[in-house]
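# Report on the structure
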Amino acid sequence: MLSTTALATRPDFSITAVTCQDDHARWSEAEVRDDYRVVLVRRGRFRRRTAGTHADIDPTMAYVGEPGEEEHFAHPAGGDDCTSISLTPSLWQAMAGDVTCLTTQSVYVDARLDLTHRRLLATARTGDIDYALTEELLGLLATTIGQVVSGPTPLGAQAPRTEAALVAAARQAISDGHPASDGLLPLAELLGVSPYRLSRSFTRELGVSVTRYRNRIRIGRALDRLEEGETSLGALAADLGFADQAHLCRTMRQYLGRTPTALRRLLAPRTH
């Protein structure tokens, strides 16, 4: 029996928790998919066969799947819990370049990649899919792609634009509320760079992630509204692009140590 739970879904990617309760040593019927995917195991293990190659997949070994290939699976040790990350060909190309053949499909999951995987799952619960989750996803993809692709990729490519100019353009788009700044992936497309490069450039240039920078802008605007007497936290959250009121409250508590209600009282004009 196979059960799935969608953790995050966007046009360019989806992240799904998969639980398999099968217990059989025989190979399954062929499965063919049209996406790139990275599959990491959280518990248990299984076997995968494609193009005559067998691989044992467990918490220390992940795999990258390609569009159009035939896959067979076996579960001789019982069930497993996995995270399946599906990518469109366009996002894969933005990260890996024009790769026609992978050098391998197996990915060794060291302790750092294991932690990145766990952080990805934790971030999926925050509601900030378009920035915080996307940045965690890009870090995970950079590690996995580095293991399965040889030669230069967009991850290490240097565009003519300097990092300072790139970050300045991104800051301007975020400050202006450009529609592309609603997400890290469309923002990178607007600026003509890989999303991974944009993410790394912010950290190197400003010392903070693009997620934290965007939240800094949003929190500043939230404080402006609270200072002006805003009473509807639901409307405030929606206007500023938070997933919901709870997401707004969590973010402000994380950055300022206070809830929006407490901040509104703190910012209220004093009567004496």
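Residues numbered from 1 in each chain as written. Predicted model: local features only at pLDDT ≥ 70, side-chain atom pairs only at ≥ 80, totals over all residues. Heavy atoms only, no water.

## Some thoughts on the overall build of the protein chain
Threshold: Helix and strand assignments come from DSSP, with helices taken as H or I runs of at least 4 residues and strands as E runs of at least 2, each series counted from the N terminus. Each residue's exposure class comes from its accessible area (1.4 Å probe, protein chains only) as a fraction of the maximum for that residue type: buried when under 20%, exposed when over 50%, partly exposed otherwise. Residue contacts are defined here by distance: any two heavy atoms, one from each residue, within 4.5 Å place the two residues in contact. In this description, accessible areas are obtained by the Shrake-Rupley approach with a 1.4 Å probe, and a residue is regarded as covered only by the protein chains that are shown. Two residue types count as positive, namely Lys and Arg, and two as negative, namely Asp and Glu; His and chain ends fall outside the count. Taken as the charge centre is NZ of Lys, CZ of Arg, CG of Asp or CD of Glu, depending on the residue.
Counting secondary structure elements, the protein chain contains 10 helices and 10 strands. Projected onto its principal axes, the C-alpha positions of the protein chain cover 80 × 45 × 30 Å. Here the protein chain holds 272 residues, and 45% of them are scored as buried. A separation of at least 24 residues holds for 71% of the contacts in the protein chain among residues at least 6 apart in sequence. Approximately 13,700 Å² of the protein chain is accessible, and the part contributed by carbon and sulfur atoms is 49%. Averaged over its 31 positive side-chain charges, the protein chain has a centre that lies 8 Å from the centre of its 33 negative ones.

## As for helix 7 (residues 210-227)
Keep this limit in mind: Any helix carries an expected span of 1.5 Å times its number of residues minus one.
For helix 7, with 18 residues, the first-to-last C-alpha span of 26 Å sits near the 26 Å given by 1.5 Å per residue. For helix 7, the full list of buried residues reads V210, T211, Y213, R214, N215, I217, R218, I219, G220, A222 and L226. Looking at the residues trailing helix 7, positive phi occurs at G229, about 100°.

## Digging into the nonpolar core
For soluble globular proteins, the rule of thumb is that nonpolar side chains tend to be buried together. Selection criterion: The nonpolar core is taken to be a set of buried Ala, Val, Leu, Ile, Met, Phe, Trp, Tyr and Cys residues, with the residues joined through side-chain atoms within 4.5 Å.
If you look at the biggest cluster of nonpolar residues, it comprises 48 residues, and the most contacted ones within it are F13, I85, L87, W92, L133, L187 and L198. For this core, the element with the most residues is helix 3 (residues 129-148), which contributes 10 residues.

## What to know about the sheet that holds strand 8 (residues 70-74)
Note the following rule: The rule for pairing is simple: two strands pair if DSSP sees at least two bridges between them.
Spatially, 3-8-5-6 is the arrangement adopted by the four strands of the open sheet, whose pairing is antiparallel. The sheet is open, and its two edges are formed by strand 3 (31-32) and strand 6 (53-57), each paired on a single side. Bridge count between strand 3 and strand 8: two bridges; the pairing is antiparallel. Bridging from a neighbouring strand, V32 pairs with E70 of strand 8.

## Description of the pattern of salt bridges
Formally: Salt bridge, as used here, is a side-chain nitrogen of Lys or Arg placed within 4 Å of a carboxyl oxygen of Asp or Glu.
Under the definition given, this model contains 15 salt bridges. Residue D35 is joined to R33 by a salt bridge in which the shortest nitrogen-to-oxygen separation is 2.6 Å. What makes D35 buried here is its relative accessible area of 8%. The partner of R119 in a salt bridge is E136, and the shortest N-O contact between them spans 2.5 Å.

## Concerning the pairing of strand 7 (residues 61-65)
Along any regular strand, the residues point their side chains to alternate faces of the sheet. Among the five residues in strand 7, four count as buried, and that is most of the element. In the sheet, strand 4 (residues 36-44) pairs with strand 7 via three bridges, with the strands oriented antiparallel. Its bridge partner lying in strand 7, V39 is registered against Y63. Here three bridges tie strand 7 to strand 10 (residues 106-108), and the two strands are oriented antiparallel to one another. The residue bridging Y63 from the neighbouring strand is S106, located in strand 10.

## Focus: the pairing of strand 8
Judged by how many residues are buried, strand 8 sits mostly within the fold: four of five residues are covered. Pairing of strand 5 (residues 46-50) with strand 8 involves three bridges; the strand directions are antiparallel. Residue pairing for strand 8: R49 is matched across the bridge by H72.

## Topic: helix 2 (residues 111-124)
To keep it simple, the criterion reads: Directions pointing from the helix axis toward each C-beta atom define the arc. Here a polar contact means two N or O atoms within 3.5 Å. Within protein one must be a hydrogen donor candidate and the other an acceptor candidate, and residues neighboring in sequence count only if both atoms are side-chain atoms.
Over its 14 residues, helix 2 runs 20 Å from end to end, which matches the ideal 20 Å to within 8%, given 1.5 Å per residue. Among all positions in helix 2, only L113, T116, H117, L120, L121, T123 and A124 are buried. Relative to the axis of helix 2, the buried residues are bounded by an arc of 165° and lie together on one face. Among the exposed residues of helix 2, those pointing more than 90 degrees away from its buried face are A111, R112, L115 and R118. Elements that come into contact with the buried residues of helix 2 comprise strand 1 (2-9), strand 2 (13-20), strand 4, strand 9 (80-87), strand 10 and helix 3. Where helix 2 begins, the capping side chain belongs to D110, and its oxygen is found 3.2 Å from the backbone nitrogen of R112.

## Things to note about the state of the cysteines
Heads up, the condition is: To count as a disulfide, a pair of cysteine sulfur atoms needs to be within 2.5 Å.
Applying the stated criterion to the full structure yields zero disulfides. Looking at C20, it has no disulfide partner, and the nearest cysteine sulfur is the one in C82, 7.9 Å off. In this structure C82 comes out as buried when scored by relative accessible area, which is 5%.

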